[in-house]
Amino acid sequence: MTDQKADQDLPSRRDAKSATPAATIRDAQSWVEPGTQAYRRVAMALFLAGFATFSLIYCVQPLLPAFSDDFAVSPTQSSLALSLTTGFLAFSILLAGAASEAFGRRRLMFVSMCAASVLNIADAFIPNWHVLLVARALEGFVLGGVPAVAMAYLAEEIHPRGLGLAMGLYVSGTAFGGMAGRVGVGLLTEFSSWEVALGVLGGLDLLAAIGFFILLPPSRNFTTKPGFQLAYHIDAWAKHLRHPALPFLFVIGALSMGCFVTVYNYAGFRLVADPYNLGQGAISLIFMVYLFGIAASSIAGGLADKHGRGPVMAVGILVALAGVALTLLGSIYGVIAGIIVLTSGFFMAHSVASGWVGRMAKQSKGHASSLYLLSYYLGSSVMGSIGGWFWTHGGWSAVAGFAGALLVMALLISGHLWRYARRVETRPA
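Right, let's get into helix 8 (residues 129-143). In this model helix 8 runs 21 Å from its N-terminal to its C-terminal C-alpha over 15 residues, within 8% of the 21 Å that 1.5 Å per residue would give. Burial in helix 8 covers these residues: Trp129, Leu132, Leu133, Ala135, Arg136, Ala137, Glu139, Gly140 and Leu143. The N-capping residue of helix 8, defined by a side-chain oxygen 2.9 Å from the backbone nitrogen of His130, is Asn128.

Right, let's talk about the confidence of the model for the protein chain for a bit. When the pLDDT values of the protein chain are averaged, the result is 83; 90% of them are 70 or greater. Across residues 1-29, where pLDDT falls below 50, the model places 45 contacts with residues more than four positions away in sequence or in other chains.

Attention shifts here to the pattern of salt bridges. All told, the structure shown has three salt bridges when counted by the stated rule. Among the ionic pairs, Arg136 bridges to Glu139, the shortest N-O distance being 3.5 Å. Of this pair, Arg136 and Glu139 both sit in helix 8, three residues apart, roughly one helical turn. You'll find Arg136 and Glu139 in the same group, each marked buried.

When two helices pack together, their arrangement is given by the angle between the helix axes and the distance between those axes. Where helix 15 (residues 290-307) meets helix 16 (residues 309-326), the axes come as close as 7 Å, and the angle between the chain directions of the two elements is 145°. In contact with Ala300, Leu303, Ala304, Asp305 and His307 of helix 15, helix 16 contributes Arg309, Pro311 and Val312.

Before going further, it helps to examine the packing of helix 3 (residues 37-58) against helix 8. One can describe the packing of helix 3 onto helix 8 by two numbers: an axis separation of 10 Å at closest approach and a directional angle of 160°. When the axis of helix 3 is compared with that of helix 8, the two are roughly antiparallel. Crossing handedness for the pair helix 3 and helix 8: left-handed. The residues of helix 8 that touch helix 3, namely those facing Thr53, Leu56 and Ile57, are Arg136, Glu139 and Leu143. Class assignment for the residues of the contact of helix 3 with helix 8 results in three nonpolar, one polar and two charged.

Reading the values: rules and limits
Residues numbered from 1 in each chain as written. Predicted model: local features only at pLDDT ≥ 70, side-chain atom pairs only at ≥ 80, totals over all residues. Heavy atoms only, no water. Helix = DSSP H or I, 4+ residues; strand = E, 2+ residues; numbered from the N terminus. Expected span 1.5 Å × (residues − 1). Buried < 20%, exposed > 50% of the residue type's maximum accessible area, 1.4 Å probe, protein only. Polar contact = N/O pair within 3.5 Å; in protein donor to acceptor, adjacent residues only side chain to side chain. pLDDT = per-residue confidence, 0-100. Contact = heavy atoms within 4.5 Å. Salt bridge = Lys/Arg side-chain N within 4 Å of Asp/Glu carboxyl O. Axes fitted to C-alpha atoms, helices over the stretch in contact; angles between N-to-C directions. Parallel < 35°, antiparallel > 145°, perpendicular 65-115°, else oblique. Left-handed = near helix turned anticlockwise from the far one by under 90°. Nonpolar A, V, L, I, M, F, W, Y, C, P; charged D, E, K, R; others polar.

Encoded structure:
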């Protein structure tokens, strides 16, 4: 176990030296233990949160070719329907992480899910391209209340020995939401219109938000801090940025997500053209490969708890890199196999990295999570749009080369993190 002691060396609870024995016992009893009913309720609630959030973010991805046709815009311009959402989401995460300190974790996540669902329903009634982009940007902004807060909630409430699995289940929910949003919207568009598809999805996610609020127990180990103390938040973010390892995790999130979104953004444009000539429904079904991501994230979380986060994350990145290489094959089966392998590897790496952030952060876990997700979604927004330049000027081989280069950089950084964890493990107590 290469980094279990590293996790122990970076505790998530109060400094034991300053706690009384009674307080220590009280802290130990406040964890949500694996196998309990409370643990199952938390896991299901956060699964719903991940489902709603990612189905709303990525439901437009299979519609990019349709947007390009209906609004007479280029592939790079059509990608803004997703890139603006993730870009505004990235910055709102910083604000949401700070706001949750005063507003409360559970309440902020619920309000964010409801507001984004209503905006998605509104998208169905917007006939103008630029107004649609504004609505998608707003949707990303209000959704910032979910991802960073969800990661912080799990790190604060779940017992350390069950955190990897719980985080894996949350990431599974994001994978299932991403798949359901893409596949469901694509199929509904095939048989009706993209407007109807977006409206139906918004209604379903509104129901998911209600289920989330009913299931999720209130925080036990977190108390709100009234008011907005700017100096406190800046200091918390600065401490995480000065950490010897956390910033490297943030960069891995940006690089891996940039690769993943780039491949998914432009695979649709490749598959509607010769020699594949697939329709909207057929392309959307390819997103069923997210099922492999669901399984991979859960498995990776459990493996990380047992064998260490460093090696499992490195393996995930290598698997994703192999998937990018497979997409270069000319056969439709080779392309699909490559997307399956890429999806599995990406969710392995993301599940481990997101859980590792919560374990490395000594305090202010919401701020650490918000910085990770800021990098993660900036990678999606910026690199996903840059990928359009590679598609326009070099076709799929250029897109694959760009995506592969991002993963190679992520792999090198993961090696550094693995070595850091081993150094901490061997440090004298």
